[in-house]
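One-letter residues, chain by chain:
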Amino acid sequence: FAHMLRREASEVIKKLLFLGVLVTINQEIDTDTMVLVGNEFGTEVQVAAPRDIEAEEMLHEVVDQETLEHRAPIVTIMGHVDHGKTTLLDSIRETNVTASEAGGITQHIGAYQVEINHKKITFLDTPGHEAFTTMRARGAQVTDITVLVVAADDGVMPQTVEAINHAKAANVPIIVAVNKMDKPGANPDRVKQELTEHGLVAEEWGGDTIFVPVSALKREGIDTLLEMILLVAEVADLKASLSSRARGSVIEAQLDKGRGPVATILVQTGTLRVGDVVVAGNTFGKVRAMVNDRGRRVKEAYPSTPVEIVGLGDVPSAGDPFVVYDDERQARQVAERRAGRQRAEELGATSRVTLDDLYKQIQEGEVKDLNLILKADVHGSSEAVLGALQKIDVSGVRIRVLHTGVGAITESDILLASASNAIVIGFNVRPEPNAQRMGESEKVDVRLYRVIYNLIEEIEAALKGMLDPVY
Ligand code: GDP
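What this report covers is the structure whose coordinates are included nearby. For clarity, every value in this text was computed on a predicted model and none was experimentally measured. Each chain has its residues counted from 1, following the order in which its sequence is written. The predicted nature of this model means local features are confined to residues of pLDDT at least 70 and side-chain atom pairs, given and counted, to a pLDDT of 80 or more, with totals for whole chains, interfaces and linings taken over all residues. Think of the side-chain values as coming from all heavy atoms in the structure, minus any hydrogens and water.

1. Regarding the sheet that holds strand β18 (residues 369–376)
Pairing is parallel across the open sheet formed by four strands, whose spatial order is β19-β18-β20-β21. Of all strands in the sheet, those bounded by a partner on one side alone are β19 (398–406) and β21 (446–449). With strand direction ignored, the average angle separating the axes of adjacent strands in the sheet is 25°. In what follows, a contact means two residues having at least one pair of non-hydrogen atoms within 4.5 Å. Only the stretch in contact is used when fitting a helix axis, every axis being a line fitted to C-alpha atoms; angles between N-to-C directions are given from 0 to 180 degrees. Only DSSP runs of H or I covering at least 4 residues are called helices, and only runs of E covering at least 2 are called strands; the numbering of each starts at the N terminus. Against the sheet, helix α12 (residues 379–391) makes contact with β18, β19 and β20 (422–427), and its axis sits at roughly 160° relative to β18, the strand it touches most. Strand pairing is assigned whenever DSSP identifies at least 2 bridges connecting the two strands.

2. Examining the site of the ligand
Neighbouring residues are identified by heavy atoms, a residue being near a molecule or strand if any of them is within 4 Å of it. Residues in contact with the ligand amount to 15 residues; listed here are only the nearest, Asp82, Lys85, Thr86, Thr87 and Asp182. Between N or O atoms, a polar contact is any pair within 3.5 Å; within protein, one atom must be a potential hydrogen donor and the other a potential acceptor, and residues adjacent in sequence are included only when both atoms are from side chains. Between the ligand and Asp82 there is a distance of 2.7 Å, counted from an oxygen atom to a backbone nitrogen or oxygen. Separating an oxygen atom of the ligand from a backbone N or O atom of Ala216 is a distance of 2.9 Å. Note that accessible areas follow from Shrake-Rupley with a 1.4 Å probe, and for residues the cover is restricted to the protein chains shown. Against a free-state accessible area of 580 Å², the protein chains account for coverage of 75% of the ligand. No other element matches the three residues that helix α5 (residues 85–95) contributes to the shell around the ligand. Classification convention: Asp, Glu, Lys, Arg as charged; Ala, Val, Leu, Ile, Met, Phe, Trp, Tyr, Cys, Pro as nonpolar; all other residues, Gly among them, as polar. Its residues assigned to classes, the shell around the ligand comprises three nonpolar, seven polar and five charged.

3. Points about the pairing of strand β16 (residues 306–312)
Counted residue by residue, β16 has seven buried out of seven residues, so it is predominantly covered. Both strand β10 (residues 260–269) and β16 contribute to a ladder of five bridges, which runs antiparallel. Directly across from Ala263, in β16, lies its bridge partner Ile309. The buried label applies to any residue whose accessible area, calculated with a 1.4 Å probe on protein chains only, is under 20% of its type's maximum; exposed applies above 50%, and partly exposed to all values in between.

4. What to know about the pattern of salt bridges
In the sections that follow, a salt bridge refers to a side-chain nitrogen of Lys or Arg positioned within 4 Å of a carboxyl oxygen of Asp or Glu. Summed over all chains, the structure comprises 20 salt bridges. As a salt-bridge pair, Glu40 and Lys15 come within 4.0 Å of each other at their nearest N and O atoms. Here Glu40, found in helix α3 (residues 31–40), pairs with Lys15, found in helix α2 (residues 9–18); they are 25 residues apart in sequence, far enough to count as distant. Judged by its relative accessible area of 35%, Glu40 falls in the partly exposed class. Residues Asp153 and Lys183 are paired through a salt bridge, measuring 3.1 Å at the closest nitrogen-oxygen approach. Within this pair, whereas Asp153 is found in the loop between β5 (145–151) and α7 (158–169), its partner Lys183 is found in the loop between β6 (174–179) and α8 (188–196), the two being separated by 30 residues in sequence. When its relative accessible area of 27% is taken as the criterion, Asp153 is described as partly exposed. A relative accessible area of 36% places Lys183 in the partly exposed class.

5. Concerning unusual backbone geometry
Unlike most non-glycine residues, His118 shows phi in positive territory, near 65°. The residue His118 is located in the loop between β3 (111–116) and β4 (119–124) in this model. Residue His118 is classed as exposed on the basis of its relative accessible area, which comes to 76%. In the Ramachandran plot, Lys443 falls in the positive-phi region, its phi being about 55° despite a non-glycine side chain. Mapped onto the secondary structure, Lys443 falls in the loop between α14 (433–442) and β21. Lys443 sits in the partly exposed class, given a relative accessible area of 29%.

6. Remarks on α7
With twelve residues, α7 extends 17 Å from end C-alpha to end C-alpha; this agrees with the ideal 16 Å at 1.5 Å per step. Of all twelve residues in α7, nine are buried, a share of seventy percent or more. Among all positions in α7, only Thr160, Val161, Glu162, Ala163, Ile164, Asn165, His166, Ala167 and Ala169 are buried. Backbone geometry just downstream of α7 places Asn171 in the positive-phi region, at approximately 60°. For a helix, the expected span equals 1.5 Å multiplied by the number of residues minus one.

7. Digging into the sheet that holds strand β2 (residues 74–79)
Strand pairs in the sheet, formed through backbone hydrogen bonds, run parallel or antiparallel to each other. Ordered in space as β3-β4-β2-β5-β6-β7, the six strands form an open sheet in which the pairing is mixed. Every interior strand has two partners, whereas the edge strands, β3 and β7 (211–213), have only one. Averaged over neighbouring strand pairs, the angle between their axes works out to 30° when direction is ignored. Its contacts with the sheet put α8 on β5, β6 and β7, and the angle it makes with β5 is roughly 125°.

8. Some remarks on the pairing of β2
Among the six residues that make up β2, six are buried, leaving the element largely enclosed by the rest of the structure. Of the two faces of β2, the one lined by Ile74, Thr76 and Met78 and the one lined by Val75, Ile77 and Gly79 are each fully buried. Relative to β4, β2 is paired through two bridges, and the arrangement is parallel. Residue pairing in the sheet places Val75 in a bridge with Phe123 of β4. Pairing of β2 with β5 involves five bridges; the strand directions are parallel. Looking across to β5, one finds that Ile77 is bridged to Val147.

9. Looking at α8
Listing the buried residues of α8 in full gives Val191, Lys192, Glu194 and Leu195. Seen end-on, α8 carries its buried residues on one side only, within an arc spanning 170°. The inward-facing, buried residues of α8 contact β5, α7, β6 and β7. Throughout, the arc means that of the directions going from the helix axis to the C-beta atoms.

10. Quick look at the packing of α2 against α3
Their axes nearest at 10 Å, the elements α2 and α3 cross at an angle of 105°. In terms of their interaxial angle, α2 and α3 are classed as roughly perpendicular. The segment α2 lies against α3, with Val12, Lys15, Leu16 and Phe18 engaging Thr33, Val37 and Glu40. A per-class count over the contact of α2 with α3 returns four nonpolar, one polar and two charged. To sort the angles, those under 35 degrees are grouped as roughly parallel, those over 145 as roughly antiparallel, those from 65 to 115 as roughly perpendicular, and the leftovers as oblique.

11. A short note on the packing of helix α6 (residues 129–137) against α7
Orientation of α6 relative to α7, taken along the N-to-C sense of each, is 25°, at an axis distance of 10 Å. Our classification of the angle between α6 and α7 gives roughly parallel. Note that α6 runs across α7; the crossing there is left-handed. Facing His129, Phe132, Thr133 and Arg136 of α6, the residues of α7 in contact are Gln159, Glu162, Ala163, His166, Ala167 and Ala169. Partitioning the contact of α6 with α7 into residue classes produces four nonpolar, four polar and two charged. Two helices that cross are described as forming a left-handed crossing if the nearer one is turned anticlockwise from the farther one by less than a right angle, and a right-handed crossing if clockwise.

Pasting the structure below:
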């Protein structure tokens, strides 16, 4: 670029520094910055066609449907605290280790695979809808099936409802595991009854939700649960290509004292091999070694297989996408471009939906549904607000209420809003301090109201592009 400007590289770097962009001679700068620097030197820079390696890679990837192979379903376990999510994950892991891996020592790498009837199932090891939605907020849609754990002696609880709504917002099918069946107070019919109110109707009651009674503690009903997971997976017809460029998501990552950055990744398409150059989030590197969930070194990882990889330059975040590139130069460029984009987003440019911008975003086709999360002080008022919202009729936009609940706005609400591009509405409630901070950093629009009329009026006005700006 300096050469084209007929300047010394050091001059350009100095000018960049002056503009607040810290780069070395080996780094890429984006086209907007080039235009700016050009201006500074009195040269008009025209960008003919910016080369987007990421987009080019996508284009090259027309996958032949014929070559797709079945892949294992990826399952997340959700439910209310103490209903037995962790116990269930442990009992599944310990009773159904894949035949080929029996004898290996269990490694907690963030996900594991089990085998039943010669078919594999992958479980994400971090239970709960927060982990699920945190990943989704970063762009990773990893889960194929949700197992909703409900304790038969306790029934549907607030986090049960949250979990249902998080799974629904992501369009992920739900299987209900009615747990703690060994307890004297177990009442599975009550669980079924309560869940019908949330749209989960048991098959034997004319609905299409599978309920499996289990005891995670006594390891009863586990095989039936796994068989039902396979059944739902079969209907979903989950397939992936083995031969395409490997892609997937980071499940978890940390800095290991001896090995450097270590990341557990789930391959979602293609085959990842030792020696591949990968970009994960804003970092890149060459895969030096891969270890599976049994602590064994492997050379290849297929779709739906979790592996821990070593070789990245830095620690990515859970939910970051990873892609294999042909060479390190390309990988470096993509990683740096992403880092630049992230910096720009952090500086304020945001594509999140807000009431103030809503009309413009609708006009530009960015928003088709107005997603809302509603928290209210009491059940009665949330019902009243819901009813009033349903009456709003503005052509071209549908109002979707993803979650309603009673009580303060929590971090979980903010996460769901962030992952689903939703606005959070508080009626006679406020955000918890942590949720407030998170809302600010995630740039989620949180609106607080005390009068239904004001709430409805403001949303209607926003939909019609007539919201008065607030100064
Ligand atoms: P989580 O918070 O959902 O992960 O719940 P945990 O797995 O930590 O379980 C909470 C408590 O319930 C623990 O004391 C478990 O031992 C107990 N528990 C879990 N599953 C069962 C079960 O099937 N039967 C009985 N009796 N207790 C269970």
